[in-house]
Every structure is written in structure tokens, then in C-alpha cells.
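Here are the chains, one letter per residue:
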Amino acid sequence: MGEQATIPKPIKFLFGGLSGMGATCFVQPLDLVKNRMQVMKSSGGQRVSSFSVLMGVAKNEGVSTLYNGLSAGLLRQATYTTTRLGIYTWLFETFSGPDGKPPGFFTKAALGMAAGATGAFVGTPAEVALIRMTSDGTLPKEMQRNYKSVVDALFRIYKEEGVTTLWRGATPTMGRAMVVNAAQLATYSQAKQAILAYVPDGIFCHFLASMISGLVTTIASMPVDIAKTRLQSMKYVDGKPEYKGAADVLGKVIKNEGFFSLWKGFTPYYFRLGPHTVITFIILEQMNIAYKKHILGIEGGSGGL
């Protein structure tokens, strides 16, 4: 029974994308708040709270604005998450022992980094569209892009700025994805293993592991995320880009806004990433378990993470 029936690779990729898209529908407003806070240039001791940004958007632009960029967010999940979770679950299974023993923590982290970098490259165009659509309201009226949908955004970026702009910020996006996935996927798997000693495998166990994973990931990835967000939302002034690259963004943020501004938007980031991680992994684990039970006839199987 060493070669037990497994979930086919295309199904792994499908489940990965669907789980991420389902989670995005819940957390899109927090993604918008996080992106708005990251593109705001604060000076001195000025601090803007997540709540004030959320209420300001709802009051001045309408509640529906909180879901600006949802189409881009869904496309990002359909590309990025489908790829990263599909590759990770496949690699996780490949590197597990013949008796089903999961790989060690550092192997999990390496698998997460490989899956994240690949997924990020595939998903960068949708990421650029998402950042621009969610941060558009921070620009002066005459500079707003007013994309109608993710398709309109991608087409106009390609037409007006060239195809390479669709991959602007790909390097920090891939760097962030490597950090996020090494932290998120490895920490989730490790936390779940530890929690199973006290809590039976099920939705509550997945919830606890996801919240731990989300906290570690938020702390590790926010500086790279702010560099990515600023690069992808920047405009050219007199033909010159606002930033030369990720290192330039980080240097200017620390110099002009303070070191801890690298974690600006921590609250919406965590309260987006935490629930997004929870919902993504719960949906993914439940789909994997259901497939094993109803299609493969394996009773009591784990969700594969």
C-alpha cells in the first residue's frame, strides 16, 4: 500500500485556486485598506489608523468602493494561488516518506519558496492591476486611472505602458512570495503538526494553525510587501520613475517616514492575511478530504498539508 491513490495534479491546482478565490471574496475590503495605507506618504509623527481609512473610503467613495479591484483579486488568486498551492501540495506529497511521514520544517520552507516564486511570476500582471485598482482613490482626480475591470486594466496597461509594465515589481513580488510561502506554508504545516498533539484534526485545528501561520507571515513579509506595493502603484514624473527599485523604496520609507513605517498597515494586513489563510486552508483541506473520501474511497485521510 506504499503507492496509495492520490489526488491528480490538475485537481490539486484547481482546489488551490478555488480556495484562494473563496477567501478573497471575504477579505477584499481589508486588502483595499492595506494597499491604501501602504501608498500613503506619512511624515513626522502622523499616524493613520486602519479604521479611519476604512470609514473614510465608505463615507467619501461609497461602501461598494471597498470591493474595488475584486475582479483583479480573483484573477490573482486564479493565477498565483492556483500555481503556488498546486505546486506546494504536489511537492509536499512527493517529499513525504513512503509511510506518509511529512517532510521536515526546512524542507517545507524550501518547497514553499519554490512554489511561491513560481506562482508570483505567473500572478504579477493581476497583482499590478489589483494594486492600481485598490489605490486609485488616493490619487488626485486628474491622475486617477479609473479602470472598469481587471480586463480593462490589463489591456490599458499593455496598450499605454507596454507589456513589461505588467511585470513591474516582479522581483519584489517574487521575493515577497518566497518569504510569505516559506513562512505561511511551512509554519502552517508545522503548527498543525504540533497542535494535533492536543486537538483532533478538523476545522478548529486548521483555524489555530492558520492564525499562527498568518501572524508569522505578516511580520516577515510586510517590508517586502510595502516595496512591491509602492513600485507597482508609482507614476512617472517628467519621465522619471518615483523609485529606482525595491531597495530605493525601503531606503526612502525608512528615511522619510521612519523604520516602523515598513509595517504600515500591519492591522489590516494581518486581519486580511489571518482570515484569508484560515479560509483558504480550511476550504483546501475540506476539498482534499472530500475528494479522497468520495472519489478515491479513502476514509479518514488528512487534507494533505
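As the structure is a computational prediction, the values presented were derived from the model and not from experiment. (Residues numbered from 1 in each chain as written. Predicted model: local features only at pLDDT ≥ 70, side-chain atom pairs only at ≥ 80, totals over all residues. Heavy atoms only, no water.)

**What to know about the overall build of the protein**
Item 1. When helices and strands are counted, the protein shows nine helices and two strands.
Item 2. When the helices and strands of the protein are placed in sequence order, the string is α-α-α-α-α-α-α-β-β-α-α.
Item 3. Here the C-alpha radius of gyration of the protein, 20 Å, is about what a compact globule of 305 residues would show, namely 19 Å.
Item 4. Over its C-alpha atoms, taken along the principal directions, the protein stretches across nearly 65 × 40 × 35 Å.
Item 5. The buried share of the protein, reckoned over its 305 residues, is 50%. (Helix = DSSP H or I, 4+ residues; strand = E, 2+ residues; numbered from the N terminus. Rg over C-alpha atoms; globule rule 2.2 N^0.38 Å. Buried < 20%, exposed > 50% of the residue type's maximum accessible area, 1.4 Å probe, protein only.)

**Looking at helix α3 (residues 70-95)**
Item 1. The terminal C-alpha atoms of α3 lie 35 Å apart, and with 26 residues this matches the ideal 38 Å at 1.5 Å per residue to within 8%.
Item 2. At Thr81, α3 is deflected by roughly 30°, the largest bend along its length. (Expected span 1.5 Å × (residues − 1). Bend = angle between axes of the 7 residues up to and from the residue.)

**Brief notes about the packing of α3 against helix α6 (residues 170-195)**
Item 1. Running from N to C, α3 and α6 cross one another at 50°; their axes reach a closest spacing of 12 Å. As the angle between them shows, α3 and α6 are arranged oblique. Here the hand of the crossing between α3 and α6 comes out right-handed. Facing Arg76, Tyr80, Arg84, Leu85, Tyr88 and Phe92 of α3, the residues of α6 in contact are Arg176, Ala177, Val180, Asn181, Gln184, Leu185, Ala186 and Ser189.
Item 2. The residue makeup of the contact of α3 with α6, split by class, is eight nonpolar, three polar and three charged. (Axes fitted to C-alpha atoms, helices over the stretch in contact; angles between N-to-C directions. Parallel < 35°, antiparallel > 145°, perpendicular 65-115°, else oblique. Left-handed = near helix turned anticlockwise from the far one by under 90°. Contact = heavy atoms within 4.5 Å. Nonpolar A, V, L, I, M, F, W, Y, C, P; charged D, E, K, R; others polar.)

**Focus: the nonpolar core**
What tends to happen in soluble globular proteins is that the nonpolar side chains get buried as a cluster.
Item 1. Core analysis: the biggest nonpolar cluster contains 20 residues, and Tyr88, Ile195 and Phe281 have the highest contact counts within it.
Item 2. Elements that contribute at least two residues to this core include exactly α3, α4 (105-135), α6, α7 (203-233) and α9 (266-294).
Item 3. Per-element tally for this core: the top contributor is α3, with five residues.
Item 4. Of all hydrophobic cores here, the second largest spans 10 residues; its members include Ala72, Ala129, Ile157 and Leu166. (Core = buried A, V, L, I, M, F, W, Y, C linked by side-chain atoms within 4.5 Å.)

**Here we look at the pattern of salt bridges**
Item 1. Following the criterion strictly, the structure yields 16 salt bridges and no others.
Item 2. Residue Lys12 pairs with Glu93 through a salt bridge whose shortest N-O separation is 3.2 Å. Placement of Lys12 in helix α1 (residues 9-39) and of Glu93 in helix α3 is noted, with a sequence separation of 81 residues between them.
Item 3. Owing to a relative accessible area of 32%, Glu93 belongs among the partly exposed residues under this scheme.
Item 4. Glu161 is the partner of Arg132 in a salt bridge, and the nearest nitrogen-oxygen pair spans 2.6 Å. Here Arg132, found in helix α4, pairs with Glu161, found in helix α5 (residues 150-161); they are 29 residues apart in sequence, far enough to count as distant. (Salt bridge = Lys/Arg side-chain N within 4 Å of Asp/Glu carboxyl O.)

**Focus on the side chain of Thr218**
Item 1. Position of Thr218 among the secondary structure elements: in helix α7.
Item 2. The class of Thr218 is buried, set by a relative accessible area of 0%.
Item 3. The contacts of Thr218, once residues within four sequence positions are left out, are Trp263, Phe266, Tyr269, Tyr270 and Leu273.

**Notes on the packing of aromatic side chains**
Item 1. Inspection of the entire model under this criterion finds seven aromatic pairs.
Item 2. When the ring of Phe15 is compared with that of Tyr291, the centres are 6.0 Å apart and the planes differ by 75°; the resulting orientation is edge-to-face. Here Tyr291 lies in helix α9 and Phe15 lies in helix α1, a separation of 276 residues in the sequence.
Item 3. Phe15 gets classed as buried once you look at its relative accessible area, which sits at 11%. (Phe/Tyr/Trp six-rings, centres within 6.5 Å; stacked < 30°, edge-to-face > 60°.)

**A few points about the packing of α6 against α7**
Packed helices, taken two at a time, are described by their axes: the angle between them and the distance between them.
Item 1. Closest axis-to-axis distance for the α6/α7 pair is 8 Å, and the angle between their directions is 170°. Put simply, α6 runs roughly antiparallel to α7.
Item 2. Of the residues assigned to the contact of α6 with α7, the class counts are 15 nonpolar, 10 polar and four charged.

**Concerning unusual backbone geometry**
Item 1. In this structure, Asn146 is a non-glycine residue whose phi angle is positive, near 50°.
Item 2. Considering the arrangement of structural elements, one finds Asn146 in the loop between α4 and α5.

**Here we look at the confidence of the model for the protein**
Item 1. Residues at a pLDDT of 70 or more form 94% of the protein, whose mean pLDDT is 84.
Item 2. Least confident of the elements in the protein is strand β1 (residues 236-237), whose mean pLDDT is 74; most confident is α5, at 94. (pLDDT = per-residue confidence, 0-100.)

**Remarks on a nonpolar patch on the surface**
Item 1. A cluster of nonpolar residues, Phe121, Val122, Phe155, Tyr158, Val163 and Trp167, forms a patch on the protein surface that exposes about 590 Å² of accessible area.
Item 2. Broken down by secondary-structure element, the contributors of at least two residues to the nonpolar patch are α4 and α5.
Item 3. Take Phe155: it is sitting in helix α5. (Patch = residues over 30% accessible without salt bridge, like charges linked within 9 Å, V, L, I, M, F, W, Y side chains within 5 Å. Areas by Shrake-Rupley, 256 points an atom, 1.4 Å probe, with all protein chains shown as cover.)

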